[in-house]
There are 2 protein chains.
Amino acid sequence: MATTTAAERRDADRASYDVFLVGCPSRLVLERISDRWVALLLAALSDGPKRYSELGRKVAGVSPKMLTQTLRALERDGLVEREVTPSVPVRVDYRLTSLGEGLHRAVLAVKDWAEAHVDEVLAARDRYDAESG
Amino acid sequence: MATTTAAERRDADRASYDVFLVGCPSRLVLERISDRWVALLLAALSDGPKRYSELGRKVAGVSPKMLTQTLRALERDGLVEREVTPSVPVRVDYRLTSLGEGLHRAVLAVKDWAEAHVDEVLAARDRYDAESG
DNA sequence: CTGTATCCAAGACGATACTG
DNA sequence: CAGTATCGTCTTGGATACAG
């Protein structure tokens, strides 16, 4: 049987294909912000530190599992900081690091573009759907 | 390609949660660029029109299914244009619209940030992994 | 050449219940 | 309060074969 996983084969393939795809650091970050909740969490934290439960309420619909999972990934990448206050009950605050703020600003460029052009995208979509039935 | 059911349900759900999540146009575009191949395709097309097979080669590892699917989504949103030359064999070129070029520029901001700070992210990651075992 | 259709595996994600 | 553990579902995407 195949001793290599699909992911491994893909990586190996990409490595032999094109530097454009492999060495490119943007791949890394692009994949980070591709996570469903990352951009939302970045935005939720952009106006100051928030507690775990505050985030859960602000980013409505996120399950505790995904909230923790995404927060941990962000923390691992040095984008957010986790501060525990050993009170009773425990209080935990999350805040953007300067690195995280930087990423947020970059993502904001996409957001700004979106706000400025979403109507055109929607119009194109309607047109396309009308033509294609 | 009836991709509407689950997506529509999710949208409807979100609508009942929070304006921050629903009305925000960035959600729309954020979800677009969250697709695994979108940013890559935008980049691949940024230096001029390309044929279907050229894209398949440049964005190594993409299956015909995903290539078509992503290209269609991009076309639907008015981000790329599809031009068919009815020769034998058929020739199809894809190119960024001005709208698509704009989005690409915004995504480029993220890419630029990534290139400038990926080492810090990686360092943070190593540190985290070392601490957590 | 440019797709389309089908099947299947892997992973993402949500719901829920439970712990320190 | 702030998670963690478990389970089941749905989506994603790759492989493959085939069609216009």
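One structure accompanies this document, and this report is about it. Computed from a predicted structure; not experimentally measured.

Notes on the overall build of chain A
Each helix and strand counted, chain A has seven helices and three strands in total. For chain A, the succession of helices and strands along the chain, N to C, is α-α-α-α-β-α-α-β-β-α. Across chain A, the fraction of contacts at a sequence separation of at least 24, relative to all contacts at a separation of at least 6, is 41%. About 7300 Å² of surface is accessible on chain A, with carbon and sulfur atoms providing 52% of the total.

Observations regarding the pattern of salt bridges
For the coordinates displayed, the defined rule picks out 16 salt bridges over all chains. As a salt-bridge pair, Arg32(A) and Asp35(A) come within 2.8 Å of each other at their nearest N and O atoms. With a relative accessible area of 16%, Arg32(A) lands in the buried category. Put simply, Lys50(A) and Asp47(A) hold a salt bridge, and the shortest N to O gap is 3.1 Å. A single network of salt bridges, built from pairs that share partners, joins Arg32(A), Asp35(A), Asp77(A) and Arg125(B).

Observations regarding the sheet that holds strand 1 (residues 50–51) of chain B
All names here are of chain B. Pairing in this open sheet of three strands is antiparallel, and the strands run 1-3-2 from one edge to the other. Two strands bound the open sheet, and with one partner strand each, they are strand 1 and strand 2 (80–85). Sheet topology places strand 2 next to strand 3 (residues 91–96); six bridges connect them, and they run antiparallel. Within strand 3, the position partnered with valine 84 by the bridge is valine 92. Lying on the sheet, helix 6 (residues 64–76) is in contact with strand 2 and strand 3; it crosses strand 2 at an angle near 110°.

Digging into the interface of chain B and chain A
With 50 residues of chain B in contact, the opposing surface of chain A contributes 50 residues. Carbon and sulfur atoms make up 72% of the surface buried where chain B meets chain A, a total of about 4600 Å² over both sides. Counting the surface chain B buries against chain A, the share from its top three residues, Arg76(B), Trp113(B) and Arg125(B), is 15%. Our count for the chain B to chain A interface comes out at seven residue pairs in polar contact (both at pLDDT 80 or more).

As for the relation of the copies chain B and chain A
Superposition of chain B onto chain A requires a rotation of 180° combined with a translation of 0.1 Å along the rotation axis, giving an RMSD of 0.1 Å. Taken together, these values place the two copies in the relation of a two-fold axis. The rotation axis passes nearest to the C-alpha of Ser34(B) in chain B, at a distance of 2.0 Å. Taken as a fraction of all interface residues of chain B, those also at the interface in chain A reach 100%, which identifies the copy contact as same-surface.

A look at the environment of Ser46(B)
Residues and elements named next belong to chain B. Here serine 46 lies in the loop between helix 4 (38–45) and strand 1. In this structure the C-alpha to C-alpha distance between serine 46 and glutamate 101, which are 55 residues apart in sequence, comes to 7.1 Å. Apart from the residues lying within four places of it in its own chain, the contact partners of serine 46 are Leu96 and His104. In this structure the side chain of serine 46 is engaged in a polar contact, spanning 2.6 Å, whose partner is the backbone oxygen of alanine 43.

Remarks on the sheet that holds strand 3 (residues 91–96) of chain A
All names here are of chain A. The sheet built from three strands is open, its strands ordered 1-3-2 with antiparallel pairing. What marks the edges here is a single partner per strand, and that holds for strand 1 (50–51) and strand 2 (80–85). Bridge count for strand 1 against strand 3 is two bridges, and the pairing is antiparallel. When the bridges of strand 3 are listed, lysine 50 appears paired with tyrosine 94.

A word on the protein's contact with DNA strand C
Residues in close proximity to DNA strand C total 17 residues, the closest being Lys65(A), Ser53(B), Thr68(B), Arg82(B) and Tyr94(B). In DNA strand C, atoms within 4 Å of the protein come from the sugar-phosphate backbone in 68% of cases. Side-chain polar atom of Ser53(B) to a phosphate oxygen of DNA strand C: 2.7 Å apart, as the coordinates give it. A distance of 2.5 Å separates a phosphate oxygen of DNA strand C from a polar side-chain atom of Arg82(B).

Some words on helix 4 (residues 38–45) of chain A
Taken across its eight residues, helix 4 of chain A has seven buried, putting it largely inside the fold. Inspection of helix 4 of chain A places Val38(A), Ala39(A), Leu40(A), Leu41(A), Leu42(A), Ala44(A) and Leu45(A) among the buried residues, and these make up the whole buried set.

Overview of the nonpolar core
Among the nonpolar cores identified, the biggest contains 60 residues, and Leu103(A), Val110(A), Trp113(A), Leu103(B), Val110(B) and Trp113(B) are the most heavily contacted of them. Trp113(A) has contacts with Val121(A), Val29(B), Leu79(B), Leu99(B), Gly102(B), Leu103(B) and Ala106(B), leaving out every residue within four places of it along the chain.

Calculation notes
- Residues numbered from 1 in each chain as written.
- Chains lettered and ligands numbered in written order.
- Predicted model: local features only at pLDDT ≥ 70, side-chain atom pairs only at ≥ 80, totals over all residues.
- Heavy atoms only, no water.
- Helix = DSSP H or I, 4+ residues; strand = E, 2+ residues; numbered from the N terminus.
- Contact = heavy atoms within 4.5 Å.
- Areas by Shrake-Rupley, 256 points an atom, 1.4 Å probe, with all protein chains shown as cover.
- Salt bridge = Lys/Arg side-chain N within 4 Å of Asp/Glu carboxyl O.
- Buried < 20%, exposed > 50% of the residue type's maximum accessible area, 1.4 Å probe, protein only.
- Pairing = 2+ DSSP bridges.
- Axes fitted to C-alpha atoms, helices over the stretch in contact; angles between N-to-C directions.
- Buried area = accessible area lost by both parts, 1.4 Å probe.
- Polar contact = N/O pair within 3.5 Å; in protein donor to acceptor, adjacent residues only side chain to side chain.
- Least-squares fit on C-alpha atoms with pLDDT ≥ 70 in both.
- Near = heavy atom within 4 Å.
- Core = buried A, V, L, I, M, F, W, Y, C linked by side-chain atoms within 4.5 Å.

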